[in-house]
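Summary of structural features
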Amino acid sequence: RELTLDNCFLQNVPIARKIVRLTNLTALRIICCPNARFTDDFEALTALQELNLSNNGLRCVPFNPAVLMQLEKLDLSGNRLESLPGSMGQLEKLTD
């Protein structure tokens, strides 16, 4: 129930649209995949407890945090985030 994509050089692949079919995922790590395109389809992954999108050159958070209520760990480090959504504060289980 975990998926890790590390150091991928995928060109113009809409990552989330493929992954959202894996609705039982509890951990998703997409790390150092600078060419990946993220869509806002993460909302189907309601079982996610860990999400790591570090070092992907993101400028914005590619999901609505309010729908990932089971999220305990979130890593967005190494990106170029300009701001964080206000709904980030609704992630009550977030510890790391």
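All figures in this text were calculated on a predicted structure; none of them were measured in a lab.

**Observations regarding the sheet that holds strand β2 (residues 27-31)**
Strand order in the open sheet formed by 4 strands is β1-β2-β3-β4, with parallel pairing between adjacent strands. Among the strands making up the open sheet, the edge pair consists of β1 (2-6) and β4 (73-75). Taking the axes of each pair of neighbouring strands and ignoring which way they run, one obtains an average angle of 5 degrees across the sheet. With 3 bridges joining them, strand β3 (residues 50-52) and β4 adopt parallel strand pairing. Each bridged residue has a counterpart across the sheet, and for Glu50 the counterpart in β4 is Lys73.

**Focus: the nonpolar core**
Counting residues in each nonpolar core, the largest one holds 23 residues, and the members touching the most others are Leu28, Phe42, Leu51, Leu53 and Phe63. In contact with Phe63, not counting residues within four places along its chain, are Phe42, Leu51, Leu53, Leu68 and Leu74.

**Here's the deal with unusual backbone geometry**
Non-glycine residue Asn7 carries a positive phi angle of around 55 degrees. For Asn7, a relative accessible area of 48% gives the class partly exposed. One non-glycine residue, Asn55, adopts positive backbone phi at about 55 degrees. Within the secondary structure, Asn55 sits in the loop between β3 and β4. Its relative accessible area of 37% is what places Asn55 among the partly exposed residues.

**Focus on the pattern of salt bridges**
On inspection of all chains with the given rule, the structure shows 3 salt bridges. We note a salt bridge from Arg29 to Glu2, for which the minimum N-O separation is 3.2 Å. Of this pair, Arg29 sits in strand β2 while Glu2 sits in strand β1, placing them 27 residues apart in sequence. You can call Arg29 buried: its relative accessible area is 17%. Here Glu82 ties to Arg59 by a salt bridge, and the two come within 3.7 Å at their closest N and O atoms. With Glu82 in the segment after β4 and Arg59 in the loop between β3 and β4, this pair connects stretches of sequence that are 23 residues apart. Glu82 sits in the exposed class, given a relative accessible area of 63%. Residue classification places Arg59 among the partly exposed positions, given a relative accessible area of 47%.

Definitions and limits used
Residues numbered from 1 in each chain as written. Predicted model: local features only at pLDDT ≥ 70, side-chain atom pairs only at ≥ 80, totals over all residues. Heavy atoms only, no water. Pairing = 2+ DSSP bridges. Helix = DSSP H or I, 4+ residues; strand = E, 2+ residues; numbered from the N terminus. Axes fitted to C-alpha atoms, helices over the stretch in contact; angles between N-to-C directions. Core = buried A, V, L, I, M, F, W, Y, C linked by side-chain atoms within 4.5 Å. Buried < 20%, exposed > 50% of the residue type's maximum accessible area, 1.4 Å probe, protein only. Contact = heavy atoms within 4.5 Å. Salt bridge = Lys/Arg side-chain N within 4 Å of Asp/Glu carboxyl O.

So, to be careful, I would describe these as geometric facts and stop short of saying anything about function.
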